[in-house]
Structure formats: C-alpha cells, structure tokens
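# Overview (structure and organization)
In case you want the letters, here they are:
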2 protein chains.
Amino acid sequence: MFGAIEAGGTKFVCAVGNEDGSVLERISLPTTTPEETMKEVFDFFDAFELKAIGIGSFGPIDVNRQSDTYGYITSTPKTPWKFYNFLGAVKDRYQIPVGWTTDVNAAALGELMKGAAQDVDSCVYLTVGTGVGGGAVINGKLLEGYGHPEMGHITVEQHPDETFEGFCPYHGNCLEGIAAGPAIEQRFGQKGHLLADKKEVWEMEAFYLAQALMNYTLILSPERIILGGGVMKQQQLYPLVREELVRQINGYVALPPLEEYIVTPGLGDNAGITGCLLLAAQQLS
Amino acid sequence: MFGAIEAGGTKFVCAVGNEDGSVLERISLPTTTPEETMKEVFDFFDAFELKAIGIGSFGPIDVNRQSDTYGYITSTPKTPWKFYNFLGAVKDRYQIPVGWTTDVNAAALGELMKGAAQDVDSCVYLTVGTGVGGGAVINGKLLEGYGHPEMGHITVEQHPDETFEGFCPYHGNCLEGIAAGPAIEQRFGQKGHLLADKKEVWEMEAFYLAQALMNYTLILSPERIILGGGVMKQQQLYPLVREELVRQINGYVALPPLEEYIVTPGLGDNAGITGCLLLAAQQLS
Ligand SMILES: Nc1ncnc2c1ncn2[C@@H]1O[C@H](COP(=O)(O)OP(=O)(O)O)[C@@H](O)[C@H]1O
Ligand SMILES: Nc1ncnc2c1ncn2[C@@H]1O[C@H](COP(=O)(O)OP(=O)(O)O)[C@@H](O)[C@H]1O
Ligand SMILES: [Zn+2]
Ligand SMILES: [Zn+2]
C-alpha cells in the first residue's frame, strides 16, 4: 500500500491506495500550521503499513537535490510554512522512500498515467484558480531542473481594453496577476461565477490564457494541455481559448487537433492525489 | 565511425567522427537545392563506412513519429526545401540508423555532453542571429513532444522606447521579430557589429532577451542557458542580460549563480556538429 499527500494552500488531502493510483481511503484537512496539520497527517498514516509516500505540495518548494533546503517549502506567503522541511518531516517519521514534487506536477503525472493524457508521453497541467500554476510531464518524467516550473508567472501582453494593473506581488501583471480568479473579480467587481453571461469577461480571459498556451507550446511542445481550476468551470472558455490560440500562433507551428490538445481534466479533482500515489509507487522502481 | 549533418539555412556542415563527438573530417557547403546539396553530402559520406548518422536541421521540421511527414523539413520559406523528405533520403541511401532533430536541439545536446553544460542534466541553447532559435535537453533527453520547440517566436512585452514594428512574417513583434540581428539593423539603420558602442542598442536587446530567458526559466527550469549566434558576439550583452533577468524575475524563483546560469557556448561554432555526432552514436544504444 502507498501513501499520498496533496498539500494545498487551503487544504491537505491524504490518501492510501494502490500502485495503479486507485484510492482506498482518504481524508481532507484544513491547512493551518505545520504542527497542527502534520499531526493529523501522521495520525492518518500511522494506521497503515506503507511502502512509500508521494507528496505534491503547494509552492514554491525546493526540488533541487543538490540544495541544502531540498524538500523544503520555501518563500511562501503562508508564514508558518515558510522554510518548513516537509520532506524531512515525513521521511523522519516513516523511514520509507518519499517522492517530492509540486501539486501541479503531481496532477500532470496523474493525468498522464490515468487521466486525460493516457495515450501520450507529455502533457502540461495548468490550474487557473486563486493563482495560476502549471506542471508538466515530458517523456514520461516530471519536469524539474534547477527548480520546478512556475508557469503562472510568465509575462503576457496586456489586452488593449485592460484597465486592471494586476495583483501579483512580484510582477504585477504577469499571467497570474492578470488572469487568476482574483484578477477577474477585481477588474469586473464581481466573482467569476456571477459573470458567466458577460462575453467580454471570458474573451479577455481567453486572450491571456491563449498567450500562455502559445508560450508553453513554443517552448515545451507538449502533446496535450489540460486546463483545470475554479475559473475553468466556465466551460465556454475552452472553445474561446482554442480559437484565440490558433489566431495567435497564426499557422507557425502544427498543432494537434484542438479538441484533443486543450482539454478538461480526466480525473476532475482527483488528478493531484492520484499523481501523488503514482509518484509514491515510482519510488520503488 | 559516425556521420553528422548540421543543416543550416545558408550552409551545411558534414562531418565524420567518433562516438565521443570528436570530428575526424569535415566539409562545409552552401545550402542551395536538395538535388545539388544532397549530392555533395552523399559524395562526402560515400567514402566512409558509417554505423549511424545524426542530422540537426534548420526548421521547422517534422519530428513526430506518428506523422506522415516525419523526417521532412516542413513550412520553410526556402522553397526548394519545403516538404523535403530529408530523413527519408538519408535512410534510403545508407540503410543505417539515422537520428533526426533540429539544429538547435543538436547544439544543446553537444553543449550538454561536451561543452558548457557537461556538469548538469538540462540546458537550453539559444542562438540569436538572423533568427532566434532555441533547443533544449531535459533529463538528458532532447526536448520534443508533438513537435519541437520554437522558442524564438514567443510573445514579448515591447520596450517603452520601441519604434520598430518587428519583422516576423507570422507574429510581427515576437522575440525573433524584435530581437534577431535584422531587427537591430532595421531599427537602428546599421548592422549590429557597427553599433558596438551604442549603449541603448544593447540595453534594449537585453530587455527582450531577458524576457525570453525569464519565460524559459519559469516554464522549463533548466540548469543552464547557453546563448550563441552572431548577435551574442557583443560580449557586453551577457552581463546586461543577467542583470535584466534578475530585475524582471524580481526574486520570485531561485536562480543558479548567474555567471554559471547564462553562459557562452563551450564548443563555439562546433556545438551543432558535435551534437549531431553524439546523436548518431545514441542511435545504437
Ligand atoms: N464557476 C466559476 N466561474 C468562475 N470562476 C470561478 C468559479 N468557481 C470558482 N471560481 C474562481 O476560482 C478561484 C478559486 O479557484 P479554485 O481552483 O477553486 O481554488 P484554489 O486555486 O484556491 O485551489 C476563485 O477566484 C473563484 O472566484
Ligand atoms: N559582431 C556582431 N555584433 C552584432 N551583431 C552581429 C555580429 N556579427 C553578426 N551579427 C548579426 O548576427 C546575424 C547573423 O547571425 P549568425 O548567427 O552569424 O548567422 P545565422 O543566424 O544566419 O546562422 C546578422 O543579423 C548580423 O548582423
Ligand atoms: Zn507573477
Ligand atoms: Zn514569430
């Protein structure tokens, strides 16, 4: 049996399951402080005999094995978790192999192996919610190098009708600053789910998301891009993003058939926890 | 013995050499038509007993093994080469394994295995010349997916003092359209090498290149970025690009020490042909 921890900024999901990613038991708990939250995590896992654990964590995290802070959550605005040695704490407790990556990389792995990208070898998973975060699997392996992708913070050209200055504390109007849920709310004065029938809201959103997808396409050339997160509940965004991507790429590179290229998550909200279980299983091979 | 073809838009370099990438003999010929150029290529290789050949070609090329035009040069503006079955022609002639990728991917492989990125597992190779092209090796493997990277055509925010509309026929002011050698020449009315002491030229150039490097960093997280090509002969660009990258990323992600992160090619003009030889050798393993 394997363990999985999907550590989000507002809640943790812990599960035990099989090497094929199927969940046998799970709990969900609020993200408070490492002391409180990790106590509950350990209480849950202590009841099982685990072979390995996979962690997909909110970030930024340190994934660089050469680094002194490998396995830490790093410069998060969630103060109690700043420079918390997450991987070390789990390893100390269980003395078994522990896989460590970002929540979005784990989701990309889940989707590649059991979800919407099972028939290909590479995919990007982008979540558009309170923030914008992306992960990827390339040639079947998690995309990591000196660090991990932070695809949500790329620069984008501003829409001609833009009035909002962007909310990213680091970059102002980067993709996240201008296209995450809070940007929609601050620009239009209402939460996204109340703006469903306002055409201009989703056309502007598609303009930004398509720019991002164009850059991911030109830089990574993935076989599939999966868009998830709260904002993507607006189903009308998918066709708008596809159209806008075609307009922006302007015939320069060949794309897969668009309905197969830009898709909804196959695992719904289970992409991350499934990926964490698969990551755990990979630690033994 | 292995064969290597670095197929550029203006010249072809053919070489034979060893599995460690060392060149024993080489020729250089102008890129004219497939009939003429390939005849000379074959005349050169016919004299050797080769185990495999590696090709790094100008693009766009089709690297998708599922595609009917796998191995072709595709939508190039060089009309005689449009939809030329390059890989097929070489395979037909020699009936040995042939590796096939872009010229810049080959250069990235050469630099990773024998050049400026030997101590790491991932790098981006960007050439800034008549165009802007990028390749990458990730986890030791060439970066390819549905297609190959076209990193030169990402969107960039325009400099506040920009007066030039960009020359990319597909996107106008994408990175290549606004930062390749011809953009410098058209904007400032003189070729780059005559503008060496004009500070504003290289500050603007660094502004664009740093945006690109920021996006590559946020999306790929490579361990090293190698900048080559004619425009990078302006050595003052390296420190300017490093500074500007730091300013734009604004502390959001940890970077390697900058002098180790953004570097000149270790193999000079031999990165591509070395990579092609190594690619040839990889076909047997
Ligand atoms: N149906 C919806 N339509 C548009 N926006 C939505 C919808 N549901 C949630 N959102 C927005 O998505 C964001 C929350 O994203 P979500 O992915 O649910 O959480 P998180 O990113 O915190 O994990 C909020 O900004 C919210 O306004
Ligand atoms: N010393 C230099 N300083 C600035 N620009 C240069 C210099 N040398 C060449 N260039 C520019 O680089 C471009 C040629 O790039 P190069 O890499 O040599 O060839 P290509 O991209 O065609 O393979 C031209 O636009 C040229 O003006
Ligand atoms: Zn940002
Ligand atoms: Zn372009």
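Residues numbered from 1 in each chain as written. Chains lettered and ligands numbered in written order. Predicted model: local features only at pLDDT ≥ 70, side-chain atom pairs only at ≥ 80, totals over all residues. Heavy atoms only, no water.

The name an unreviewed UniProt entry gives chain A is Fructokinase, with Pisciglobus halotolerans as the organism. UniProt annotates chain A under Sequence similarities (unreviewed entry) with the comment "Belongs to the ROK (NagC/XylR) family." Check the Cofactor (unreviewed entry) section of the UniProt entry for chain A; it says "Mg(2+)". (UniProt positions renumbered as here; feature names shortened; annotations may be inferred.)

Moving on, we come to the overall build of chain A. Across its full length, chain A carries 9 helices and 10 strands. Computed over its C-alpha atoms, the radius of gyration of chain A comes to 19 Å, within 12% of the 19 Å expected for a compact globule of 285 residues. Considering only C-alpha atoms, chain A reaches an extent of 55 × 40 × 35 Å along its principal axes. Residues classed as buried in chain A amount to 60% of the 285 residues present. Looking at chain A alone, contacts between residues at least 24 apart form 63% of all its contacts between residues at least 6 apart. Approximately 11,300 Å² of chain A is accessible, and the part contributed by carbon and sulfur atoms is 48%. Once the 19 positive and 35 negative side-chain charges of chain A are each reduced to a mean point, those two points are 2 Å apart. (Helix = DSSP H or I, 4+ residues; strand = E, 2+ residues; numbered from the N terminus. Rg over C-alpha atoms; globule rule 2.2 N^0.38 Å. Buried < 20%, exposed > 50% of the residue type's maximum accessible area, 1.4 Å probe, protein only. Contact = heavy atoms within 4.5 Å. Areas by Shrake-Rupley, 256 points an atom, 1.4 Å probe, with all protein chains shown as cover. Lys, Arg positive; Asp, Glu negative; His and termini not counted. Charge placed at Lys NZ, Arg CZ, Asp CG, Glu CD.)

This part is about the site of ligand 1. All names here are of chain A. In the region of ligand 1, the neighbouring residues are G129, T130, G181, P182, G192, H193, G229, G230, V231, K233 and Q234. At 2.7 Å from an oxygen atom of ligand 1 is found a side-chain nitrogen or oxygen belonging to T130. Take Q234: an N or O atom from its side chain is 2.7 Å from a nitrogen atom of ligand 1. Notes on ligand 1: free accessible area 570 Å², of which the protein chains cover 64%. The residue makeup of the shell around ligand 1, split by class, is 2 nonpolar, 8 polar and 1 charged. (Near = heavy atom within 4 Å. Polar contact = N/O pair within 3.5 Å; in protein donor to acceptor, adjacent residues only side chain to side chain. Nonpolar A, V, L, I, M, F, W, Y, C, P; charged D, E, K, R; others polar.)

To continue, consider the relation of the copies chain B and chain A. Each of the two chain copies can be brought onto the other by rotation about an axis and movement along it. Rotating chain B by 180° and moving it 0.0 Å along the rotation axis overlays it on chain A with an RMSD of 0.0 Å. Read as a symmetry element, the transformation amounts to a two-fold axis. Looking at the rotation axis and the C-alpha trace of chain B, the residue lying nearest is E157 of chain B, at 2.8 Å. Of all interface residues in chain B, 100% are interface residues in chain A too; the two copies therefore contact each other through one and the same surface. (Least-squares fit on C-alpha atoms with pLDDT ≥ 70 in both.)

All right, on to the interface of chain B and chain A then. Taken together, the contact between chain B and chain A spans 38 residues of the former and 38 residues of the latter. For the pair chain B and chain A, the summed buried surface comes to about 3,600 Å²; carbon and sulfur atoms form 59% of the total. Contact with chain A buries area across many residues of chain B, yet Y146, I219 and Y252 of chain B alone supply 24% of it, more than any other trio. Run the count over chain B and chain A and you get 0 salt bridges. Mapped onto the side of chain B that touches chain A, the elements with two or more residues apiece are β8 (141–142), α6 (199–220) and α7 (237–249) of chain B. (Buried area = accessible area lost by both parts, 1.4 Å probe. Salt bridge = Lys/Arg side-chain N within 4 Å of Asp/Glu carboxyl O.)

Glancing now at the coordination of the zinc ion (ligand 3). Residues and elements named next belong to chain A. In this structure, H153 (ND1), C168 (SG), H171 (ND1) and C174 (SG) serve as the protein donors to the zinc ion (ligand 3), at separations of 2.1 to 2.4 Å. Considering all 4 donor atoms around the zinc ion (ligand 3), angles at the metal cover 104 to 118° and the coordination shape is tetrahedral. Motif for the zinc ion (ligand 3), donor spacing along one chain: H-x14-C-x2-H-x2-C. By relative accessible area, which is 17% here, H171 ends up buried. (Donors = N, O, S within 2.8 Å, 3.2 Å for Na, K, Ca; no water. Tetrahedral: all angles 85-135°; square planar, octahedral: opposite > 155°, others 65-115°.)

Residues and elements named next belong to chain B. Surrounding the zinc ion (ligand 4) are the protein donor atoms H153 (ND1), C168 (SG), H171 (ND1) and C174 (SG), at 2.1 to 2.4 Å. Note that the zinc ion (ligand 4) binds 4 donor atoms; their angles at the metal cover 102 to 118°, and the shape is tetrahedral. Expressed as a motif, the donor residue spacing for the zinc ion (ligand 4) is H-x14-C-x2-H-x2-C. Here H153 is found in the loop between β8 and α4 (175–179), whereas its partner H171 is found in the loop between β8 and α4, with 18 residues between them in sequence. For the pair formed by H153 and H171, the shared burial category is buried.

Moving on to the site of ligand 2. Residues and elements named next belong to chain B. Around ligand 2, the surrounding shell consists of G129, T130, G181, P182, G192, H193, G229, G230, V231, K233 and Q234. At 2.6 Å, a side-chain N or O of T130 approaches an oxygen atom of ligand 2. Between ligand 2 and G230 there is a distance of 2.8 Å, counted from an oxygen atom to a backbone nitrogen or oxygen. For ligand 2, whose free accessible area comes to 560 Å², the fraction covered by protein is 64%.

With that settled, consider unusual backbone geometry. A cis geometry characterises the amide bond from G59 of chain A onward to P60 of chain A, with omega recorded as 0°. The residue P60 of chain A is located in the loop between β4 (52–57) and α2 (86–94) in this model. Residues other than glycine seldom take positive phi values, yet S221 of chain B does so here, at roughly 50°. Within the fold, S221 of chain B resides in the loop between α6 and β9 (224–228).

Moving on, we come to the sheet that holds strand β4 (residues 52–57) of chain B. Residues and elements named next belong to chain B. In space, the 5 strands of this open sheet follow the order β3-β2-β1-β4-β5, with mixed pairing throughout. Strands at the two margins of the open sheet, each flanked by one partner only, are β3 (23–30) and β5 (98–102). On average, each strand axis in the sheet is inclined to that of its neighbour by 15°, with strand direction left out of account. When strand β1 (residues 2–7) meets strand β2 (residues 11–17), the two strands line up antiparallel, connected through 6 bridges. Within the sheet, the bridge partner assigned to A4 lies in β2 and is A15. Lying over the sheet, helix α1 (residues 34–46) contacts β1, β2 and β3, oriented at roughly 15° with respect to β2. Along the sheet face, helix α3 (residues 103–114) touches β1, β4 and β5 and points at about 105° away from the line of β5. (Pairing = 2+ DSSP bridges. Axes fitted to C-alpha atoms, helices over the stretch in contact; angles between N-to-C directions.)

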